[in-house]
Every structure is written in C-alpha cells, then in structure tokens.
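Structure assessment
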Amino acid sequence: MKRFSFQDAKVLEEIIKARRDVRGNHFTSEPVTQAEIDTILSAAHYAPSVGYSQPWKFIVITDKIIQDAVYKNYEHTYKKSKKKFKYRPMYKELKLEALRETSVHIAVFYHNQGGNILGQTSQSDTGRYSVATAIQNMWLMARAMNIGIGWVSILTPKKIRKLLGMGKAYELVGYLCVGKVSTFLKEPELKLKKWQEKKKRSQTVLHMDGRTQRGSVEAIKTITGDKSFLHPLVDKKATFMLAMSNTKTAKIKGISQAGLPGLLHLTPTLDAEFLSRGKLKSLKKLPKTKNGIPTPALISRAIHLLYPYGHIEAMDLGLKIPPKLKCPQYRFDIKPSGSIDKGANIEARTLFEKGMAFGRSYQCKEHYLILGESVPSGTTTAAASALALGYHARSLFSSSFKNVPKNIKKRTIDKALSKIKEKTDPFDILSSVGDNMLIFIAGFILGVNSRFPLILAGGTQMAAVLLVADTLAKHLDIKIDSSQLALCTTKWVAEDPNSDIDALLHMLDFPINAYYADFTFSLSHHPLLKLYDKGEAKEGVGAGGALVYGMLNGLTPAEITRQVEGLLP
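Remember, predicted model here, so these are calculated numbers, not experimental data. (Residues numbered from 1 in each chain as written. Predicted model: local features only at pLDDT ≥ 70, side-chain atom pairs only at ≥ 80, totals over all residues. Heavy atoms only, no water.)

Turning next to the overall build of the protein. Within the protein, the regular secondary structure consists of 20 helices and 12 strands. Counting only residues that meet the buried cut, the protein has 54% of its 569 residues in that class. Sequence-distant contacts in the protein: of pairs separated by 6 or more residues, those separated by 24 or more amount to 82%. Just so you have it, the protein exposes about 27100 Å², and 52% of that area is on carbon and sulfur atoms. Of the side-chain charges in the protein, 81 are positive and 51 negative, and the distance between the mean point of each set is 7 Å. (Helix = DSSP H or I, 4+ residues; strand = E, 2+ residues; numbered from the N terminus. Buried < 20%, exposed > 50% of the residue type's maximum accessible area, 1.4 Å probe, protein only. Contact = heavy atoms within 4.5 Å. Areas by Shrake-Rupley, 256 points an atom, 1.4 Å probe, with all protein chains shown as cover. Lys, Arg positive; Asp, Glu negative; His and termini not counted. Charge placed at Lys NZ, Arg CZ, Asp CG, Glu CD.)

For Ser-450, which is not glycine, the phi torsion reads 65° and is therefore positive. Looking at where Ser-450 falls in the secondary structure, it is placed in the loop between α14 (436–448) and β10 (454–457). Even without being a glycine, Asp-477 presents a positive backbone phi close to 60°. Within the secondary structure, Asp-477 is located in the loop between α15 (460–475) and β11 (485–490). The class for Asp-477 is exposed, based on a relative accessible area of 72%.

So, about the pattern of salt bridges. Inspection of the entire model under this criterion finds 18 salt bridges. Among the salt bridges present, the one from Lys-64 reaches Asp-68, with a minimum N-O distance of 3.0 Å. Within this pair, Lys-64 and its partner Asp-68 are both found in helix α3 (residues 64–84), separated by four residues, close to a single helical turn. Accessibility expressed as a relative area gives 52% for Lys-64, which makes it exposed. The partner of Lys-474 in a salt bridge is Asp-509, with the nearest N and O atoms 2.5 Å apart. Of this pair, Lys-474 sits in helix α15 while Asp-509 sits in the loop between α17 (501–505) and β12 (513–517), and the two are 35 residues apart along the sequence. The exposure class assigned to Lys-474 is partly exposed, which follows from its relative accessible area of 47%. Within the structure, one salt-bridge network assembled from shared partners comprises Lys-10, Glu-13 and Lys-17. (Salt bridge = Lys/Arg side-chain N within 4 Å of Asp/Glu carboxyl O.)

Next up on the list: the packing of aromatic side chains. Think of a pair of aromatic rings as described by two things: how far the centres are apart, and how the planes are tilted against each other in angle. Following the criterion strictly, the structure yields 29 aromatic pairs and no others. Taking the centre distance of 5.1 Å and the plane angle of 50° together, the rings of Trp-492 and Tyr-532 count as tilted. Taken together, the residues span a long stretch of sequence, with Trp-492 in helix α16 (residues 491–494) and Tyr-532 in helix α18 (residues 527–533) at a distance of 40 residues. A single burial state applies to Trp-492 and to Tyr-532, both of which are buried. Measuring from ring centre to ring centre gives 5.8 Å for Phe-521 and Tyr-532, while their planes differ by 70°; the resulting arrangement is edge-to-face. One end of the pair, Phe-521, is in the loop between β12 and α18; the other, Tyr-532, is in helix α18, and 11 residues separate them in sequence. Following the ring pairs from residue to residue traces out a cluster consisting of Tyr-330, Phe-332, Phe-358, Tyr-362, Phe-440, Phe-444 and Phe-452. Taking the ring centre of Phe-184 as reference, the NZ or CZ of Arg-143 above it sits at 3.8 Å. (Phe/Tyr/Trp six-rings, centres within 6.5 Å; stacked < 30°, edge-to-face > 60°. Lys NZ or Arg CZ within 6 Å of the ring centre and 35° of its normal.)

Here it is, written out as structure tokens:
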C-alpha cells in the first residue's frame, strides 16, 4: 500500500477546507461529463461501511420530468419549513437549492438490509452513517475536480423515494445537485451571511486526560461572598430537586403570570413533568403565559440534555394535582396553603419540623444538591413573609412580570399584614402569611446544616427562605452553619431594577455565598426568549442554579441557547 507524503496531506487539507455546499446562484450551464460523474461515484464506493455492508444506492437523475417533480416537492416542503423560521426574516432570502440550475441530480439511499449486520447490532444507525461518509467522499472528490455539489434536504423523503420507484427497504439520505460552478466561496455561505457564527475549537473539542478541567467559574458572577464555594464543584455531578407547592394566593386575579391563566395550580405539576421527562402527562401542551412567555423549565431541562444531572427528584409540598413522574417524588401529607389575604392557614411549626427532619435524614446521591422551586405567586408570599418577620424589604422582591403589578401585590400584602398585627411568634406569623415551600425549605436547610453542599436555585423567593431560616434559627436558638450553603440565580434577577436580591441577602445574620450565571438570550433569534432579556419571567424551576451547573461543567451560552430554542414548539 502506498505511503503518502506530508505534501499530499497538505493538499488533502486544502481540498477539505475548500469544500462548499454550492447553491443555485453559483452554478453555470457548462455540462458535467459522464466520466466526471463516474469518478465522483467511484470515490463514494471507497467510503468505509459498517461490517463492509456497503449499504448505499445511488440514482443518477438527468430526466427533466423527474427533476421537475422533485422541485415541486421542494416548493411544498419549503412552505412548511418557512413557517418554522418565521422569526428569522433572512430565511426567505436564502437560496437553498440548485434543482433547476443543475442538469445532474444524484439521490443517495441507505439500504436497510435487515437481519444482523456486523457492527450494527447495537447501533442501528451506523449503516446510515456509512452512507453519509460516502457522500462526503463524493463532495471532496468533486471539489478536487472543481465541480460543485449542493445537498438539498428540504424534501419529503418518503415522497422522493416513491417518485424514484424505490421500495421501503431504502431510505433517502441525501439529494445532491451536481454541476460546474462560476466560483467557490472563500467561506461557507451561511457564515458570510451571518446566519450562524463559526464555533471555536474549544467549544467542540473536549480533552478527557484526567487533568484538563471541562468547566470553570469564569462565567459565574458573585453577588455576595466569594467563589471558594464553587471551585470544588467544577466538573462535578449534582442532584437536581424541585420543591413544588400551591398557594391559593395565585387565584388573586393578575397577581402572577407563572403559567396558564385559570390553571396556575398546574404550573408546578407541569414544570416537574417537563423537567424530568421532557414531555407533559397532565396537559397536552407546554404552558405559556398569556403573553406567550415559555416556562423557565426549558432552561433547566436544556441543561439536563447537555450535561445530565446525576439524579432528578421532586418534593410535593402541597399540590392540588401531583405530577406523573418516573423519578423519586417525596410526599409529606401537606395540603396547598390558603390565600394570604384571608390567612394561609398553615401549621407552620409542624411544617418546619417536617422539613428539618427530612433535611437530617436526606442523603445526597451526588457531590451536591441543587434545590429549585415552582410556586406560582411565590414572590408575593415571600415578600409578605419577610415584611411580617420585621425585615425592611417592601420593594426588594422580584416578579415574573416585567411591569410588576404593584397595586395588586401591595393590596394583597397589606391585607395579609393586617391580620397578624397582634402576633409576635414567628411560627404564628408564618402560619398566616407564608407558603409551604418557604417554611419547609427553611427547616430543610437547618436539617442539612452543611452536611453536603446545597445550592438554593432561585431568586428573591430563595432569599426569603434564608430570611425565614435565619429568623426561626434565632427563635429556636439553633446555630446555622452556612459554609456549604449558597444561592444561585439568573442575571435577570441579579440585575432586575425592580428588586434587590443583594440587599435581601445582606439582612442575614450569617454569611452566604450567592452567585448568578452570566447568561442571557442575546444569541437567540426567538422573540419569546428575548422577552426574558426584557425583564419577563426572570427565574423559576431552578433556572439560575441549572445555568451555574452547566457552566461549572463547561457548557457555553451558545450551546445552551440552541438547546433551549430546540425545546420550543
């Protein structure tokens, strides 16, 4: 077998670099000879194939009637695809095929031979991958001959298969337009048009040598404390737990947009199902607010798809409808709490003790625990609880709204506070103005007491949990060890002009490390995600903690953004 020189390798490298997917506006009318087609097809047949199965079939199409029928299928399919990119106006301006500009088309099929094929018994798609390598060989040989190939994927595979008279044993992998070109672009056309930025090598290559860290703390910003808490968590797995509860406060008209109007009680249920399963069982469609804002569960789920949490768990702290989950779901015989303007009707001491007992007994299965929450109208009950416990926090709490419904919230909180004027015991106060999550998680924190690293994944609601824990610890003469405790939130909360999480955390009598992920949807083209950057939603379902987890494990904003976009309907 011939050995090649370094110069041969450099020539091959130049061909690889110069290969382009050629569109119709770059082809000429100069014909491609049969000898040239044969050379390109010969290159395809030298491609590697799993088990030497050679599972390819090439159909060279020069019949104008068939080519016109393929073009009609393209037009029909393009109309559908255009709707999916309605938020990218550039899509309509792109030339995406060369079906009428080229006289030679080659349809490339995968032959699904059935039975047992060497190397394909555990990875059935390797036969299709073999066909893809054959197409790459064709592309490179064509470029070496200064012939262009354009791959048309906006077609309906089954209809093209039937049009070409192929049976069900064949699957269309590629439809190629072949012809002479006027010029080869120096860069990929979609890069030149800025449809997508070229990824850096560091974004696409991971080195697992036992020494190189995958993640870092660079894109995680400090609110309070320092980053010493984070360094041991780089490249470590976490358990993600979601605390869920309902409060009838959410029934107050206009007070929350955390879910579907009239069905806010379902929000925690659906968040948990989507986070753990990637699909809903208790409703057909992923809920959005009346303004179309998608749940932040998209972010937490996207992180799991990119770098999975070691475990996902859930706590039912009083739900009207429990979620249908496959993951562990802890239940504590807790009922949804009442509306705070009428009295929440919580047995706060009993609830706190349940949380503390669970914290003492809970065994974290990974290096640390990320604890998120889903409680519609929870920022209202959090603000009421902080104020009722004597903290000067009237304007410090965030909201899922961009324009906070201050009159509704103020009226609700003032009614709640009017009912506890004579009360001094913090448990009595929280029984009237709190919510289940605030009280139970405060107990859980004291029960864990830094036995393992615990991240409270949330914004001002989780800050209120800490304030409640601080108050109850002092009331019960319990010392809080916060050395393994931190709060992580989103940039949208940290920089929210209508709230001040930093001020809330500085009210604590114990030190706390708090961080936010330096992430926005600036790289997204989707208008619904852009609403986050405009101040809507901000946080929930542990989104801030999930983003921090992703960055600690090397995920980039571009990766996260694309994954979240892919979860949108």
